[in-house]
Amino acid sequence: MSDKILNKAFIALILLTGLTALLSPFSIDGSTAVLTGIMFLAVVKVFIVAFQFMELKYAHNAWKVALWLLILTIAACIVLLAP
Amino acid sequence: MTHTINKYKNFFYPPGGILLWIIILIELFTFGLGLVGLMLFAKEDPALYHNSRMELNATYGAINTVFLLASGYFIAKAVLRFKQQLYEQAVRFINFSMLGGLLFVGLKGVEYFEKIQAGHDLGSNMFYTFYWLLTGFHVVHVLVGLVILAIMKRGIKKNKEAHSLDDFEASAAFWHMCDLIWLLLFPTLYLIL
């Protein structure tokens, strides 16, 4: 972990949050593409926090796979079940 | 630093410790179940859920996301400084991180106050039951995280050697867990229904 990587990760997180805010007005009509896009951005942010801030990138693969499976399952359920 | 990274590769020593990572996964699973439950109920009465969701202030949610992300960034910096044995800088970054957490709780308080004033309490409808339970439970985690950070900061200030890197990483991992949960709650509750 270095300052440079943390700074880059933080900038990416803020940009992705901004992008989510830009997308959100289009979600009012219930577009599946927009909903999927918003959840995709949320999943990317979760992985940036976990892998860069929490240093999961250095951990045993089992922890990485467990988080991937859990987050992707939750996000997929939300997208598929959305009214 | 290399020794620490090599240690992380061991299944039993992920950054923050194995017990905390088990807790993190269980917490994410629990909140995930709550969100899936929310979506299942929303399927039964989409109009009610959509109208209720539109009553939430997404701007507050977005600002709170920035507060928590900034707070997580600062605590990651604090861990880095702790590893570099720059303890005073680590304490400064813990302060910034706690400020982010306090701003999150403050804005959440304003949001809750507005909701109560508007008569949207736990029993208003199923959407608000989910809203209060999910966000309320999350705020409790943030408050617990703030207490842990305050204790950690006090310990480092009193005696620089009082806490091991493992203690500090575990505290930081708990704090990041609040970020992870919020990053899933925010879009699902405020943006997509």
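Here, the structure is the one placed above.
On a predicted model such as this, the values are computed, not experimentally measured, just so you know.

(A) Quick peek at the overall build of chain B. When its secondary structure is counted, chain B shows seven helices and zero strands. Overall, chain B shows an N-to-C arrangement of helices and strands of α-α-α-α-α-α-α. Projected onto its principal axes, the C-alpha positions of chain B cover 55 × 35 × 20 Å. Counting all 193 residues of chain B, 54% fall into the buried class. A separation threshold of at least 6 residues defines the contact pool for chain B, and within that pool the share at least 24 residues apart is 78%.

(B) Region of interest: the packing of helix α5 (residues 87–117) of chain B against helix α7 (residues 165–191) of chain B. All names here are of chain B. It is the contact of α5 with α7, at a shortest axis distance of 13 Å, that shows an interaxial angle of 30°. Between α5 and α7, the interaxial angle falls into the category roughly parallel. Relative to α7, the crossing made by α5 is left-handed. Taken together, the residues of α7 that come into contact with α5 (itself represented by A90, I94, S97, G101, F104, K108 and E111) are F168, W175, W182 and Y190. Here the contact of α5 with α7 is built from residues that sort into seven nonpolar, two polar and two charged.

(C) Broad picture of empty space enclosed by the protein. Tallying each qualifying case throughout the model produces one cavity of 30 Å³ or more. In terms of lining, the largest cavity is formed by A:F53, A:M54, A:E55, B:P15, B:A76, B:V79, B:E169, B:A172, B:A173 and B:H176. Within the residue set of the lining of the largest cavity, elements represented by two or more residues are α4 (58–83) and α7 of chain B. When residues in the lining of the largest cavity are grouped by element, the largest group, four residues, is from α7(B). Of the residues belonging to the lining of the largest cavity, the class tally is seven nonpolar, one polar and two charged.

(D) A look at the pattern of salt bridges. In this structure the tally under the stated criterion is five salt bridges over all chains. One salt bridge connects A:D3 with B:K77, and the closest N-O pair in it is separated by 2.8 Å. Within this pair, whereas A:D3 is found in helix α1 (residues 3–23), its partner B:K77 is found in helix α4, the two belonging to separate chains. A:D3 gets classed as partly exposed once you look at its relative accessible area, which sits at 24%. In this structure, the salt-bridge partner of B:K83 is B:E169, at a minimum N-O distance of 3.6 Å.

(E) Representation of unusual backbone geometry in the model. Even without a glycine there, the phi angle at A:E55 is positive, about 60°. Here A:E55 lies in the loop between α2 (32–53) and α3 (61–81).

(F) Quick peek at the packing of α5(B) against helix α6 (residues 126–158) of chain B. Residue and element names in this part refer to chain B. Interhelical geometry of α5 versus α6 gives an angle of 155° and a closest axis separation of 10 Å. When the axis of α5 is compared with that of α6, the two are roughly antiparallel. Pair α5 / α6 crosses with left-handed handedness.

Cut-offs used in this document
- Residues numbered from 1 in each chain as written.
- Chains lettered and ligands numbered in written order.
- Predicted model: local features only at pLDDT ≥ 70, side-chain atom pairs only at ≥ 80, totals over all residues.
- Heavy atoms only, no water.
- Helix = DSSP H or I, 4+ residues; strand = E, 2+ residues; numbered from the N terminus.
- Buried < 20%, exposed > 50% of the residue type's maximum accessible area, 1.4 Å probe, protein only.
- Contact = heavy atoms within 4.5 Å.
- Axes fitted to C-alpha atoms, helices over the stretch in contact; angles between N-to-C directions.
- Parallel < 35°, antiparallel > 145°, perpendicular 65-115°, else oblique.
- Left-handed = near helix turned anticlockwise from the far one by under 90°.
- Nonpolar A, V, L, I, M, F, W, Y, C, P; charged D, E, K, R; others polar.
- 1 Å grid on protein atoms, 1.4 Å probe; cavity = no way out; pocket = protein on both sides within 12 Å on 5 of 7 lines; lining within 4 Å.
- Points joined across faces, edges and corners; volume = space filled by probe spheres on them.
- Salt bridge = Lys/Arg side-chain N within 4 Å of Asp/Glu carboxyl O.

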